[in-house]
Protein chains: 2
Amino acid sequence: MAGRRSDTRERIQQVALELFIDQGYEKTSLREIAERLEVTKAALYYHFRTKEDIVVSLTEDFGDSLEELLEWAPGQPRDEILRRFADLVAGRFGPVMAFIQANQNAMKELQVKSEFPEQLKRLFALISLDDRDPAARLRARLALVAILLGNSPMLLDEEDDEMSGEVALQVALELASPRSGSPGLAP
Amino acid sequence: MAGRRSDTRERIQQVALELFIDQGYEKTSLREIAERLEVTKAALYYHFRTKEDIVVSLTEDFGDSLEELLEWAPGQPRDEILRRFADLVAGRFGPVMAFIQANQNAMKELQVKSEFPEQLKRLFALISLDDRDPAARLRARLALVAILLGNSPMLLDEEDDEMSGEVALQVALELASPRSGSPGLAP
DNA sequence: GTCTATAAGTGGATAGAC
DNA sequence: GTCTATCCACTTATAGAC
């Protein structure tokens, strides 16, 4: 606590996150992370017991924040919920979000088995008013996906400058708002 | 051409696809594929020169079909385009589609660099009427994502039985249909 | 807190017998 | 067309010096 402490641990997290997003979790070796930081692999093992531990440290804060959101959300207006979720993924957890999206497959095999899919599901339920209607459920998902897309390079071309988080939120709100009469489409 | 030929090649493709979807491309070793088929790794190398070649063989038919769709699409009604796309990803290319979605990161590193992202972008452009409006662009993407989600376990819970491709198509059509007046949301 | 050295294992890929 | 046997690069992870 007292006195100066090296920030190596945080630098490891930072570089690891970057590489995991860029190349994927499995493709990124500890050697590579160490080289970037100009330390040795062994130094990494001083700060983290396993490679998996790095991922855990990366995602746990995000999971906690999502949990808070989920506890607060019930009873709140839908657009407030969506806005707060948008703030989360666009804010300091943006990179973590990008990591999770880009490495779902890898996460499955990890012990952590991040709670994220389950949390997302609960969020679906909260913002989809009538979850009896399959179309409404899909719209709820898409509202969240809209927000995710607004912040992720996943299905996006890189040079999409105008696609701000605000726009994504607008579209998300449209999707989450109740339909007029027929839930279907115009003929 | 004439005479009986072993179907090992196709069985390799089948098993590999399954494992790539389930565990991810990198996590799936050739040893594992071989074991499932009860052959040796070396046998795999008779049919495919590299691990990457398996992926190529898996995606190239899909790419061709998408290319056909893209050549046919211009001038066609939007809902026809969406329907045909839905048929594609729900039909025999469903698994391939799931593979691509689940392994975007891995594909980036491959030589193939599948044309899929670029094809998707062209499809975006085709179904988004007014691509000056960022919200319209995002909606076009979401229309396609809706179709993709309707067929993929990506952000979905597993036990979502009612979420048929038809529903997804409906929602996609809504999204791709022009807005009434304001492109924004109700205040 | 960071290092060197190395263990122990897995990966993709090849040579050559049958 | 499939096998055995092997190569070698590279991985995570540990032991122990400084």
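Note that the structure is predicted; figures quoted are calculated from it, not measured.

Basis of the calculations
- Residues numbered from 1 in each chain as written.
- Chains lettered and ligands numbered in written order.
- Predicted model: local features only at pLDDT ≥ 70, side-chain atom pairs only at ≥ 80, totals over all residues.
- Heavy atoms only, no water.
- Helix = DSSP H or I, 4+ residues; strand = E, 2+ residues; numbered from the N terminus.
- Buried < 20%, exposed > 50% of the residue type's maximum accessible area, 1.4 Å probe, protein only.
- Contact = heavy atoms within 4.5 Å.
- Areas by Shrake-Rupley, 256 points an atom, 1.4 Å probe, with all protein chains shown as cover.
- Phe/Tyr/Trp six-rings, centres within 6.5 Å; stacked < 30°, edge-to-face > 60°.
- Near = heavy atom within 4 Å.
- Polar contact = N/O pair within 3.5 Å; in protein donor to acceptor, adjacent residues only side chain to side chain.
- Nonpolar A, V, L, I, M, F, W, Y, C, P; charged D, E, K, R; others polar.

### A few points about the overall build of chain A
- A count of helical and extended segments in chain A gives 10 helices and zero strands.
- In sequence order, the secondary structure elements of chain A are arranged as α-α-α-α-α-α-α-α-α-α.
- Classification of the 187 residues of chain A by burial places 49% in the buried group.
- The contacts in chain A between residues at least 6 apart in sequence include a share of 65% that link residues at least 24 apart.
- Of the accessible surface of chain A, which amounts to about 9700 Å², a share of 49% is contributed by carbon and sulfur atoms.

### Side note on unusual backbone geometry
- For Glu38 of chain A, which is not glycine, the phi dihedral falls at a positive 60 degrees.
- As for its position among the elements, Glu38 of chain A is in the loop between α2 (30–37) and α3 (41–47).

### So, the packing of aromatic side chains
All names here are of chain A.
- Counted according to the given criterion, the structure contains eight aromatic pairs over all chains.
- Arranged with centres 5.8 Å apart and planes meeting at 35 degrees, the rings of Phe20 and Phe99 form a pair that is tilted. Residue Phe20 is found in helix α1 (residues 8–23), and its partner Phe99 is found in helix α6 (residues 94–102); the two are separated by 79 residues along the sequence.
- The exposure class assigned to Phe20 is buried, which follows from its relative accessible area of 0%.

### Section: the protein's contact with DNA strand D
- Taken together, 19 residues lie near DNA strand D, and Lys41 and Tyr45 of chain A together with Thr40, Tyr46 and His47 of chain B sit nearest.
- By atom count, sugar and phosphate contribute 62% of the portion of DNA strand D lying within 4 Å of the protein.
- Note that a phosphate oxygen of DNA strand D is positioned 2.9 Å from one of the side-chain N or O atoms of Tyr45 of chain A.
- The contact in question runs from a phosphate oxygen of DNA strand D to an N or O atom on the backbone of Thr40 of chain B, over 2.8 Å.
- When residues of the surface near DNA strand D are traced back to their parent elements, those giving at least two are α2 and α3 of chain A together with α3 (41–47) of chain B.
- Residues of the surface near DNA strand D, tallied by class, amount to seven nonpolar, seven polar and five charged.

### Quick notes on the protein's contact with DNA strand C
- Around DNA strand C, a shell composed of 18 residues is seen, among which Thr40, Tyr46 and His47 of chain A together with Leu30 and Tyr45 of chain B lie nearest.
- Of what DNA strand C places within 4 Å of the protein, 59% of the atoms are sugar or phosphate.
- Of all the secondary-structure elements, those providing two or more residues to the surface near DNA strand C are α3 of chain A together with α2 (30–37) and α3 of chain B.
- With four residues, α3 of chain A is the single largest residue contributor to the surface near DNA strand C.

Any functional reading would require information beyond the geometric quantities listed.
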